[in-house]
Amino acid sequence: MPDPHSPQAPSVAVVIPAYNEADTVADVVRVGLGLTPQVVVASDGSDDDTAAVARAAGARVVELAENGGKGAALSAALDATDAEFIVMLDADLTGLTLDHLRRMLRPVTSGELDMSIGVFEGGGFVTDWGNKLTPHLSGQRVCRRDWLRSVPHLGEERWPEPAITRHLKSTGARWDYVELPQVGQVLKEKKRGFWNGAWARTRMYADLLTFRARRKKP
């Protein structure tokens, strides 16, 4: 793959929606900066130091006044860049490397795929299990910005992955999973405490699983 810093290379941005991820966002930002100088963090109404930490790590930061959900943060991050290709990353990843980003980016910039979806492999039993059980809900993706912008209701969904997956099917886009060895995520139960984390996880899955009922029409 051509050097992304080369003038001849396609324009690439890394976008990172984040809500109270001060402990991990800097590491994700630094990996993103190894791929492209365009790294945008959208702090989704965070009440910790997420925005300051991301900015200090070298990201361009967009701050949302209120917590509107991942879809709103993703949409705000997309507004902050005009790059041709978008690398979507969660802010709480562990074990991420530049090679992982290149693995996802390569088949999309080459024209082989319209979207690649990263799935964890060997990053930890719980995160591996959850990612493999519902790989279509992974937040690690690469696609063209204009395609992502065309996803109906993208900015309205607290968790936009089902909307993106539906649009993949409705547009006949070519997509595939890409394994991300040794990558995992910090569990919500660890970040927020067991009960608060478990409640947040329950709300997340409830929202994800009711997408079809809420969006019967695109």
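Residues numbered from 1 in each chain as written. Predicted model: local features only at pLDDT ≥ 70, side-chain atom pairs only at ≥ 80, totals over all residues. Heavy atoms only, no water.

The chain appears in an unreviewed UniProt entry as Glycosyl transferase family 2 from Deinococcus radiopugnans. Recorded under Cofactor (unreviewed entry), the UniProt text for the chain is reproduced unchanged: "Mg(2+)". (UniProt positions renumbered as here; feature names shortened; annotations may be inferred.)

**Observations regarding the pairing of strand β6 (residues 115-121)**
In terms of residue burial, β6 counts as a mostly covered element, since six of its seven residues are buried. Taken together, the three bridges between β6 and strand β7 (residues 141-144) define a ladder with antiparallel strand orientation. In the sheet register, Met115 faces β7, and the bridge partner there is Cys143. Taken together, the seven bridges between β6 and strand β8 (residues 175-181) define a ladder with parallel strand orientation. Within the sheet, the bridge partner assigned to Gly118 lies in β8 and is Val178. (Buried < 20%, exposed > 50% of the residue type's maximum accessible area, 1.4 Å probe, protein only. Helix = DSSP H or I, 4+ residues; strand = E, 2+ residues; numbered from the N terminus. Pairing = 2+ DSSP bridges.)

**With respect to the side chain of Thr36**
Tracing the backbone through its elements, the reader meets Thr36 in the loop between α1 (25-35) and β2 (39-44). Of the residues examined, Thr36 reaches a relative accessible area of 3% and is grouped as buried. In terms of polar contacts, Thr36 uses its side chain to reach the backbone carbonyl oxygen of Val12, at 2.7 Å. Among the polar contacts made by the side chain of Thr36, one reaches the main-chain amide nitrogen of Gln38 at a distance of 3.1 Å. (Polar contact = N/O pair within 3.5 Å; in protein donor to acceptor, adjacent residues only side chain to side chain.)

**So, the pattern of salt bridges**
For the coordinates displayed, the defined rule picks out eight salt bridges. Close ionic contact of Arg55 with Glu63 constitutes a salt bridge, the shortest N to O distance being 3.2 Å. Arg55 sits in the partly exposed class, given a relative accessible area of 43%. With a shortest N-O distance of 3.2 Å, Arg174 and Asp114 are connected by a salt bridge. Placement of the pair is Arg174 in the loop between α7 (161-171) and β8 and Asp114 in the loop between α4 (98-109) and β6, with a sequence separation of 60 residues. Look at Arg174 and you get partly exposed, because its relative accessible area is 41%. (Salt bridge = Lys/Arg side-chain N within 4 Å of Asp/Glu carboxyl O.)

**Digging into the pairing of β2**
Within β2, six of the six residues are buried, leaving the element largely enclosed by the surrounding structure. A two-sided burial pattern is seen for β2, the buried positions comprising Val39, Val41 and Ser43 on one face and Val40, Ala42 and Asp44 on the other. Pairing between strand β1 (residues 12-18) and β2: five bridges, direction parallel. The residue bridging Ala18 from the neighbouring strand is Ser43, located in β2. Strand direction decides the pairing type here: β2 and strand β3 (residues 60-64), joined by five bridges, are parallel.

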